[in-house]
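Each chain, letter by letter, is given below.
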Amino acid sequence: MAWEAPFPVVTAALFVIVCLRAGATYALGRFAASGGRRTRVGAIMERPGFVRSAERIHRVGAPVVAMSFLTIGVQTMVNFSAGFLRMPLWRYLPSMAIGAVMWALVYASVGFVGLKALALAWRQHPLLAVLLLAGFVGVMAALMFRRPATETDPAHPRSVQQ
């Protein structure tokens, strides 16, 4: 997949896409804070990822939002948490914009280079391309489905250290 457009156009398009996505996630968090706990959205607030991101936002503030755009799997929960915690828009929007610019630049450059490299590997050595893709999917699955820390685990943010 490659966009046949100049780099600035691709970057701008990706920026708009990620702003819309992050803003919608923030709005969903605000909805959850205003009574959505009684809906299925409320179940998200019980997840360990939500608890960790909410605690980071409480501790550090807006920079957590901006830096979350450089992570995989954390960005959504941080934006949701920022909305749930009712981070003021005057703090949220600039940090989201900074993070969105970073995300768009990374994906417009490195992301497309990675896809082009995979396409080249497929043309030259299809088996190698399949193995690379399977390895990537395996690592992502291992990271996503690892056992979450429990409250009795010292690594859990809510654990009580005595």
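Residues numbered from 1 in each chain as written. Predicted model: local features only at pLDDT ≥ 70, side-chain atom pairs only at ≥ 80, totals over all residues. Heavy atoms only, no water.

Mind laying out the confidence of the model for the chain, listing which residues take part and the relevant values?
The predicted coordinates of low-pLDDT regions are not to be read in fine detail. Scored by pLDDT, the chain has a mean of 79; 78% of the residues are at 70 or more. Helix α2 (residues 48-60) is the least confidently modelled element of the chain, averaging 74 in pLDDT, while helix α1 (residues 7-33) averages 91, the highest of any element. (pLDDT = per-residue confidence, 0-100. Helix = DSSP H or I, 4+ residues; strand = E, 2+ residues; numbered from the N terminus.)

I'd like a description of the side chain of T11, backed by residues and values.
Along the polypeptide, T11 turns up in helix α1. For T11, a relative accessible area of 12% puts it in the buried group. Those residues in contact with T11 that lie beyond four places of it in its chain are A104, L105 and A108. (Buried < 20%, exposed > 50% of the residue type's maximum accessible area, 1.4 Å probe, protein only. Contact = heavy atoms within 4.5 Å.)

I'd like to hear about the packing of α1 against helix α5 (residues 89-124), residue by residue, with values.
When two helices pack together, their arrangement is captured by the angle between the axes and the distance separating the axes. Between α1 and α5, the least distance of the axes is 8 Å, while the angle of their chain directions is 135°. Classified by the angle their axes make, α1 and α5 are oblique. Considering only the axes of α1 and α5, their crossing is right-handed. Across the contact of α1 with α5, the residue classes break down as 20 nonpolar, three polar and no charged. (Axes fitted to C-alpha atoms, helices over the stretch in contact; angles between N-to-C directions. Parallel < 35°, antiparallel > 145°, perpendicular 65-115°, else oblique. Left-handed = near helix turned anticlockwise from the far one by under 90°. Nonpolar A, V, L, I, M, F, W, Y, C, P; charged D, E, K, R; others polar.)

Now, about the nonpolar core: what can you tell me, with residues and values included?
In summary, soluble globular proteins display a tendency toward joint burial of nonpolar side chains. By size, the foremost hydrophobic cluster in this structure holds 20 residues, and its most contacted members are L14, V65, F69, A82 and Y92. Of all the elements in the fold, those that place two or more residues in this core are α1, α3 (62-68), α4 (75-84) and α5. No other element matches α5, which puts seven residues into this core. Of all hydrophobic cores here, the second largest spans six residues; its members include A32, F50, A54 and F80. (Core = buried A, V, L, I, M, F, W, Y, C linked by side-chain atoms within 4.5 Å.)

Explain α2 residue by residue, including any values.
Helix length check: α2, at 13 residues, gives a terminal C-alpha distance of 18 Å against a target of 18 Å (1.5 Å per residue), a fit within 8%. When we look at burial in α2, the residues that qualify are F50, V51, S53, A54 and I57. Residue G61 follows α2 closely and has a positive phi angle near 100°. (Expected span 1.5 Å × (residues − 1).)

Mind laying out the environment of Q75, listing which residues take part and the relevant values?
With respect to the helices and strands, the residue Q75 is situated in helix α4. With 24 residues separating them in the primary sequence, Q75 and G99 have C-alpha atoms 9.5 Å apart. When sequence neighbours within four positions are dropped, the list of residues in contact with Q75 reads V18, R21, S68, F69 and W103.

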